[in-house]
Each structure stands twice: as structure tokens, then as C-alpha cells.
Number of protein chains: 2
Amino acid sequence: MTDAPESPVAPRPSTIHAVAALAGVSPSTVSRALNSPDMVRQATRQRVLASVERLGYQPNRAARSLVLGRTATLGLIVPDIANPFYAPFVKVVHSHVREAEYALFLGDTDEDLATEVALARAMARQVDGLLLCSPRMPGARLRSIAATVPLVVANRLSRTVPSIAMDFGPGIGQAVMHVHALGHRHCVFLSGPRDSWSNQQRSRTFASACHRLGIELTVLGPYEPFFGGGYRGADEALATGATAMFAYNDLVALGVMSRLAARGVRVPEEISVIGFDDIPMASMTSPPLTTVVMPIAAVAKASASILLSLLAGTVPRRPAGKELATRLVIRDTTGTAAVPSTRSVVPGRGGTERGTARPRS
Amino acid sequence: MTDAPESPVAPRPSTIHAVAALAGVSPSTVSRALNSPDMVRQATRQRVLASVERLGYQPNRAARSLVLGRTATLGLIVPDIANPFYAPFVKVVHSHVREAEYALFLGDTDEDLATEVALARAMARQVDGLLLCSPRMPGARLRSIAATVPLVVANRLSRTVPSIAMDFGPGIGQAVMHVHALGHRHCVFLSGPRDSWSNQQRSRTFASACHRLGIELTVLGPYEPFFGGGYRGADEALATGATAMFAYNDLVALGVMSRLAARGVRVPEEISVIGFDDIPMASMTSPPLTTVVMPIAAVAKASASILLSLLAGTVPRRPAGKELATRLVIRDTTGTAAVPSTRSVVPGRGGTERGTARPRS
DNA sequence: GTGAAAGCGCTAACAT
DNA sequence: ATGTTAGCGCTTTCAC
């Protein structure tokens, strides 16, 4: 930092009265000139606008809210803004909300249930609408909040609250078919937070998809849904003897790959790894990650639209099922199943060609 | 989504009058019981609190703002919330702001100057304080906003507005010394957005550090500060014959590495790459990226504290210089300089061993 | 210790 | 087409 605030305290912002006085009209005329332009004469309007300009007048939001009974603010609560999966969600919501002339309160729960509830309760009364992204709170509480404020829930389905979520079926189905075609018969799923709705969905969907194709599925975890979680989980996963690993999300998958590399296990020659989310990073790693793409932007857009049209009293456009479908992106971390015996003989390091070829400096 | 909103329109939230009536006191007593507990009798207070509880009363924020002249809201404007460099910034600021019982307006400028100005102006009057992260607007405008609302600027220094930024010197100095020690004598800097303050700083600092050590530095760009920018820049950088590449940020560095890999150029055997920021991804790639670590969390924390203490009227704690110093993290993308002749003979693909070993499915 | 009344800045009837 | 008035929900003198 540099200096002390030189501003001798900000001057009081000018009010509608000041504008009115300067323009030689009454406050209500100013209000009208601003809000219903065709209720005032052209000439008066010009004068008013000029005064507004000269004074840099901006209506006081609080006063406006108070009388109108609306805050022109929406609330968005996400589990973790630093998570590359949620950040784009926030961005998309922000742009839609802004387009509709709403401001946006942001809440980050830090993946914590109590914080989530506290934030939601605090925001509920102070916004015109609330958007909960991947909420963990029980359905009952969701409902009680919905009784308080227009509410939309994203990444989780509810029968009582307007909600929107992607369809895991297609992507997971494709992933399982993919590894099946590659000859894998024993897979493991490194699961995420137990109380997470999407973890439950993913677990369940993987289980049934594997079952259908006669693939044995071992569910491990829960692991924390980050790089470290995968890094830790990799060893347990390896110990199961499975030849393909489904990770709860890409971060976990990257952790798995990193740990596998450290142990000298080659991907995809010895083990196939499949992520979830398709965060930007997924395509930038080497080898690039085979993963299930989440249409997160579509969900963000749809949930914002739903909330907005709820408030506008219009009928929300129901997004086509296809937009919300997950799908598999095959990149380079999946390959044919290795013969089981191959594994467990590998020494400390394997084919890490480029990683170890680095010259000592 | 699932169903229509069953809530037959949210019931009007209860007011201080309702609480007062239920408790058998006047509204002013309720207000006092809530805001200055020791101005009311213990017993009355209990009754009031009980009614508050029963009615689920929460003071109307707008009404409160109007009379108090404060909004209990802070504004944060960032260039791109989806950028892994800014997301943690937002997270840290959010947590500090929340701790101080402020709500947070979020603004995302999408790296656009006009949007940045518009957002800042719109927020200025409606918040108690504004925090601008890496603003691009000219200093004069910054000042005019500062005249309007308590303002703190992060990632950019200003003599007239309280501001805080990291110190690029140490990290860049270390980076240049590092490549110098590895024998590199010709480097290139892939620059970022021209109007970005930190790009100017980085350019300048790289230039002088290289000059000091007798390293030739070619500055390329500007490139967009994303993966794609680096991907495109890699070819031009390669054409210069430089043996080490400094990227504007990690995303660019990853783009460079990806393109180099695609062209069969090995890192670090043939080319060394150094990033900037140390985003989480940087340590997860293979090879892990040598990069200059930005103490972004420290900056976020410090800027939030400064704003908060500005508002509280307390003296801001001046962060120690060390906290704000960048530093080099040496990982696996830097190696000894290759003999210049080695380059330019390499065919379309090179040591992409693992990438191409993938079985056809 | 508590109640009555005024007013924060704005908009929306209601007059004219 | 414009001015006057009341009041949104709350806090804070000012009385008592």
C-alpha cells in the first residue's frame, strides 16, 4: 500500500431533491423523468437529465428498495468459488443477472453446511431471489427458504423447489461403455463428499451402468474433492486390482494421475483414468484427461434464466434435455485393459521418460 | 428443472412493528433490544428476543441502510472470476468481508475496460467500500471514484488511492538468475494485455533483470492471457531462437508447453519455460511448471483489511514487505540451455512417447 | 427504561 | 404535465 486516504471524507451524495431544485421542478417530476420518461414533457425531461448529469446523481438504492419492496439484488451461494468447477458457474450467472439489471450478492460456503445455511438465511430477506449452487442442506430446509424468497437450486433436483441439474446418465453410460469396450472388467470409483447430491448421483449411476455391463465396481472413499484427495486415493485404488479408475471429479483424477506417475504406474498403458467435469485443466495436462463433460455453463445459464423469469413473472424456458446432458470426452488417459498380472511387478519408477529425463541443474 | 414454484407467493416478512406488538412493547424498544441490549431491561429484552424468534424477524436491510447511511455491503470487482488467478482472491476477500459482517457485491468485468468502469460507477454509491482488483481504468478515473466511496485497489499501485500490490522484483530476479545459471543467454517474454498494469510491471522488471545479467530479451505479444494465447505465442517464441521462455502467466505457459509438445519440442531439454502466478494447475502438470509464485492470498487479505480498517476508522496494518514478495518455485520445466543448433532440426513430432502410445479403441 | 415522533431518500397515489 | 402528500421499515432524538 502507499498512502493514507487523502479524500477528506466523501461528500454526501446528491439526492433527488438537489436535482429537483437545480432543475426547478419537484422531486416527483425528477422521479418520473427517470422512471417513466413519457409522463413528463420533453423539455422538462431534458432539464432534469441535465441536472442529473451535473450532479452525478444516482438514486439511492436503499431508499428505492424500501419503497418499491424490491432490492434489485440477487444472491448466489456456491460451495467454493476457488474451485474451477464453480468459478465459471458464477461468471455465467453474474453476466445474466447483470444483463437483467440486478446486482449480485456472492456467498461462498467453503463447502461447509452450517455456513451454507447461515448465508442462505442471511441473504434470503435481503434479495429478490436466491440461487443455490450445489446446496448440501436437507430438502426441508431448502423448502423453508423457498417459502421466504424466490429460490432456484442448481446441480441438485428437488420436487418442491425449482431446480435444475445436469443429466449424469449419458456421460457416465458412455464412460462405462468406453472402458468396457477397452476390455476393463474391474473398475473403481473414487467417491467425493458423502453428503453431496452429485456424489450420490454419480455413485449410483456408475454402479448401475457397471452392473448392466457386468463390470465389477469398487467404490472407494469418500475423498476430499481436490487434487490431494485423488493423490491419496490412488494407492487404495491401485490396491483393489482394478484396471480403470473413475474419479469423482477432474481434480481428483489429476491427483490420481500424479500419484500414479510418482509410483511409476503408466497411464493409460497400465491404468485408465477418467475424470469428471472437464475443467480447463483437463485438456492441458499430459496426457490429456478422458473425462465426462459437465454442461456447467448451460446449467448456470438455465438456472439464472429460471430465477429471472420467476421474478419477472414470465414462464421459464425449459431447457432442452440435450443441453443438460453430460457426455464423455475421450482423450489420452484411457486405453485397453492391461493383463492383471502386469501390475504389482512394476518397480518404483516406470516409463516417466520425459519427467525423469530432465537434466540436473 | 422440475416443477412450478408451489409457494403461493412468499408471505410478507414481519416488521419491527409486528415484533413489538407481539412482545407488547414499542418498536423503538425492539430496536434497542436488538442494537443496544443494555439500554433495555433484562426481562423486556427476553420477551423481545422471543418474539423475534417466533416471527423469524430479520431487520429490513434497506430500511436500515436508509436511516443509518451505511449499506453493510462492500463491492469487489475483478477482471475474470473464472480465471484461476482471481478466484482465490475473491474467496479470501469474501471470507474477510463476511467476518466483518458485510455482504459482498461481486462484479466481473470480463477483462473489459468499459464494463469495469460501468460496474465501478454503479457500485460506488451503493456500497460502503469498493475493492478493485487489477483495475485497468486510468488513474484519473480511479481518483474520481475514490472521491465517491472508500476505495482500495489491489494488484496495482497508485499514489493517490490506497493500493496494494505484490513485489515482482524478487521473483523475477530469481527467475532470471535461475535461467542465467542454467546457461541461457537469449530469452523471450510472452507479454499479456498491453493496458494491464501488472503486464507493464512484469515486462519492465524482466527487461531490467535480463539486462543486468547480460541476457538478451525479446518481448513478444501481447497475447491474450489464456491457454490459447500461449499456444499461439509458442511458435513465434520458438522462431526467435531463444532457449528460455517467460510467460505472462501460468495459463500462457501451459499453452506454450502444449504447443511445444505438439510440435515435438521437449521441455526442458530443448526449451525452458517459466510461468507466473503458480495457479494450482501449475504443480499438477507434467512436467510440473517452474513458475513465479504470486502471494495472491496475502494481497487479497491485505487489501480487504485495508478497506475494512478504512471503514472502521482504525489504522490499517501495513503488511510486511516479505508477505508481498513474489518468489521463484523451481519445478521441472527449466533445464540447462540447449546448444542453439539443436533446435530447428526437429521433425513434426518428437518425444511424445506416452501421448502416442495410446491404443486405438 | 420506555414510548412518541421525526426523518433517512424515494415513489406512487392523489390532486390540480 | 406537474406539485403535494403519505409512507416504505427502521433508528434515534426527545420526552416522560
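Residues numbered from 1 in each chain as written. Chains lettered and ligands numbered in written order. Predicted model: local features only at pLDDT ≥ 70, side-chain atom pairs only at ≥ 80, totals over all residues. Heavy atoms only, no water.

**Regarding the overall build of chain A**
Item 1. From N to C terminus, chain A includes 13 helices and 11 strands.
Item 2. By the compact-globule yardstick of 21 Å for 361 residues, chain A is too spread out, its C-alpha radius of gyration being 27 Å.
Item 3. Its C-alpha atoms put chain A at 90 × 55 × 35 Å along the principal axes.
Item 4. Expressed as a percentage of the 361 residues in chain A, the buried residues total 52%. (Helix = DSSP H or I, 4+ residues; strand = E, 2+ residues; numbered from the N terminus. Rg over C-alpha atoms; globule rule 2.2 N^0.38 Å. Buried < 20%, exposed > 50% of the residue type's maximum accessible area, 1.4 Å probe, protein only.)

**Comments concerning the sheet that holds strand β11 (residues 327–329) of chain A**
Residues and elements named next belong to chain A.
Item 1. On the basis of which strands lie adjacent, the open sheet formed by six strands has the order β7-β6-β8-β9-β10-β11 and mixed pairing. A single partner strand is all that each edge strand has here, and the edge strands are β7 (216–220) and β11. Each neighbouring strand pair of the sheet contributes to a mean axis angle of 20°, computed without reference to strand direction.
Item 2. Of the pairings in the sheet, the one linking strand β9 (residues 272–277) to strand β10 (residues 290–293) comprises four bridges and is parallel in character. Note that in β10 the partner of D277 across the bridge is V293.
Item 3. Along the sheet, helix α8 (residues 168–181) makes contact with β6 (186–190), β8 (244–247), β9, β10 and β11, crossing β11 at roughly 45°.
Item 4. Packing of helix α9 (residues 197–213) onto the sheet brings it into contact with β6, β7, β8 and β9, and relative to β6 it is tilted by some 175°. (Pairing = 2+ DSSP bridges. Axes fitted to C-alpha atoms, helices over the stretch in contact; angles between N-to-C directions. Contact = heavy atoms within 4.5 Å.)

**Remarks on the protein's contact with DNA strand C**
Item 1. Contacts to DNA strand C come from 25 residues, most closely from I16(A), Y57(A), R64(A), T29(B) and T44(B).
Item 2. Near-protein atoms of DNA strand C (within 4 Å) split between backbone and bases, with sugar and phosphate holding 68%.
Item 3. Within the side chain of R64(A), an N or O atom sits 2.5 Å from a phosphate oxygen of DNA strand C.
Item 4. Taken together, the elements giving at least two residues each to the surface near DNA strand C come down to α2 (27–35) and α4 (61–68) of chain A together with α2 (27–35) and α4 (61–68) of chain B.
Item 5. Residue composition of the surface near DNA strand C, grouped by class: 11 nonpolar, nine polar and five charged. (Near = heavy atom within 4 Å. Polar contact = N/O pair within 3.5 Å; in protein donor to acceptor, adjacent residues only side chain to side chain. Nonpolar A, V, L, I, M, F, W, Y, C, P; charged D, E, K, R; others polar.)

**Overview of the UniProt feature "domain: HTH lacI-type" (unreviewed entry) in chain A**
Item 1. Residues given the UniProt feature "domain: HTH lacI-type" (unreviewed entry) here are residues 14–68 of chain A.
Item 2. Annotated as residues 14–68 of chain A, this span is 71% helix and 0% strand, and its ends, taken at the C-alpha atoms, are 20 Å apart. (UniProt positions renumbered as here; feature names shortened; annotations may be inferred.)

**Structural notes on the pairing of strand β4 (residues 151–154) of chain A**
Where a strand is regular, its side chains alternate between the two sheet faces.
All names here are of chain A.
Item 1. Of the two faces of β4, both are covered, the one formed by L151 and V153 as well as the one formed by V152 and A154.
Item 2. In this sheet, β4 lies alongside strand β3 (residues 129–133) in parallel orientation, the contact comprising four bridges. When the sheet's bridge partners are listed, C133 is paired in β4 with A154.
Item 3. Once you follow β3 into helix α7 (residues 139–146) and on to β4, the crossover reads as right-handed. (Right-handed = clockwise from strand over helix to strand, strands pointing away.)

**Observations regarding the pattern of salt bridges**
Item 1. Inspection of the entire model under this criterion finds 26 salt bridges over all chains.
Item 2. Between R136(A) and D195(A) there is a salt bridge; the shortest N-O distance is 3.3 Å. Of this pair, R136(A) sits in the loop between β3 and α7 while D195(A) sits in the loop between β6 and α9, placing them 59 residues apart in sequence.
Item 3. A single salt-bridge network, built from bridges that share partners, covers D80(A), D108(A), D110(A) and K91(B). (Salt bridge = Lys/Arg side-chain N within 4 Å of Asp/Glu carboxyl O.)

**Let's talk about the nonpolar core**
Item 1. L76(A), F89(A), F246(A), L76(B), F89(B) and F246(B) are the most contacted members of the largest nonpolar core, which has 98 residues in total.
Item 2. Those residues in contact with L76(B), other than ones at most four positions away along the chain, are F89(B), V90(B), V93(B), L104(B), F105(B), L106(B), G107(B), M123(B), L130(B) and L131(B).
Item 3. The next biggest cluster of nonpolar side chains, apart from the first, holds 54 residues, and it includes L251(A), A237(B), A253(B) and L289(B). (Core = buried A, V, L, I, M, F, W, Y, C linked by side-chain atoms within 4.5 Å.)

**So, the protein's contact with DNA strand D**
Item 1. Near DNA strand D, the surroundings consist of 25 residues, among which S28(A), T29(A), I16(B), Y57(B) and R64(B) are the closest.
Item 2. Close to the protein, within 4 Å, the atoms of DNA strand D are drawn from sugar and phosphate at a rate of 63%.
Item 3. Within the backbone of S26(A), a nitrogen or oxygen atom sits 2.8 Å from a phosphate oxygen of DNA strand D.
Item 4. Measuring from a base nitrogen of DNA strand D, one finds a backbone N or O atom of A63(B) at 3.3 Å.
Item 5. Elements that contribute at least two residues to the surface near DNA strand D include exactly α2 and α4 of chain A together with α2 and α4 of chain B.
Item 6. Tallied by class, the residues present in the surface near DNA strand D amount to 11 nonpolar, nine polar and five charged.

**Observations regarding the relation of the copies chain A and chain B**
Item 1. Between chain A and chain B, the superposition needs a rotation of 180° and an axial shift of 0.1 Å, giving an RMSD of 0.1 Å. Those values place the two copies in the arrangement expected of a two-fold rotation axis.
Item 2. Of all interface residues in chain A, 96% are interface residues in chain B too; the two copies therefore contact each other through one and the same surface. (Least-squares fit on C-alpha atoms with pLDDT ≥ 70 in both.)

**Some remarks on the interface of chain A and chain B**
Item 1. Opposite the 80 residues of chain A that make contact, chain B presents 80 residues.
Item 2. Summed over both sides, the interface between chain A and chain B buries roughly 6,900 Å², with carbon and sulfur atoms accounting for 60% of that surface.
Item 3. At the junction of chain A and chain B, the tally comes to six salt bridges.
Item 4. Close ionic contact of K91(B) with D108(A) constitutes a salt bridge, the shortest N to O distance being 3.1 Å.
Item 5. Linking chain A with chain B are 16 residue pairs in polar contact (both at pLDDT 80 or more).
Item 6. When contributions to the side of chain A that touches chain B are tallied by element, the ones reaching two or more residues are α4, α5 (87–99), β2 (103–108), α6 (113–124), β5 (163–164) and α12 (296–312) of chain A.
Item 7. The residue makeup of the side of chain A that touches chain B, split by class, is 40 nonpolar, 22 polar and 18 charged. (Buried area = accessible area lost by both parts, 1.4 Å probe.)

**Observations concerning helix α1 (residues 16–23) of chain A**
Residues and elements named next belong to chain A.
Item 1. Of all the residues in α1, the buried ones are V19, A20 and A23. Seen from one end, α1 has its buried residues packed into an arc of 100°, which puts them on one side. Set apart from the buried face of α1 by more than 90 degrees, the exposed residues are H17 and A21.
Item 2. Buried positions along α1 lie against α2 and α3 (42–55).
Item 3. Where α1 begins, one side-chain oxygen reaches toward the backbone nitrogen of H17, 3.0 Å away; that side chain belongs to T15.
Item 4. Once α1 finishes, G24 follows within two positions and takes phi at roughly 70°, a positive value. (Arc of directions from axis to C-beta.)

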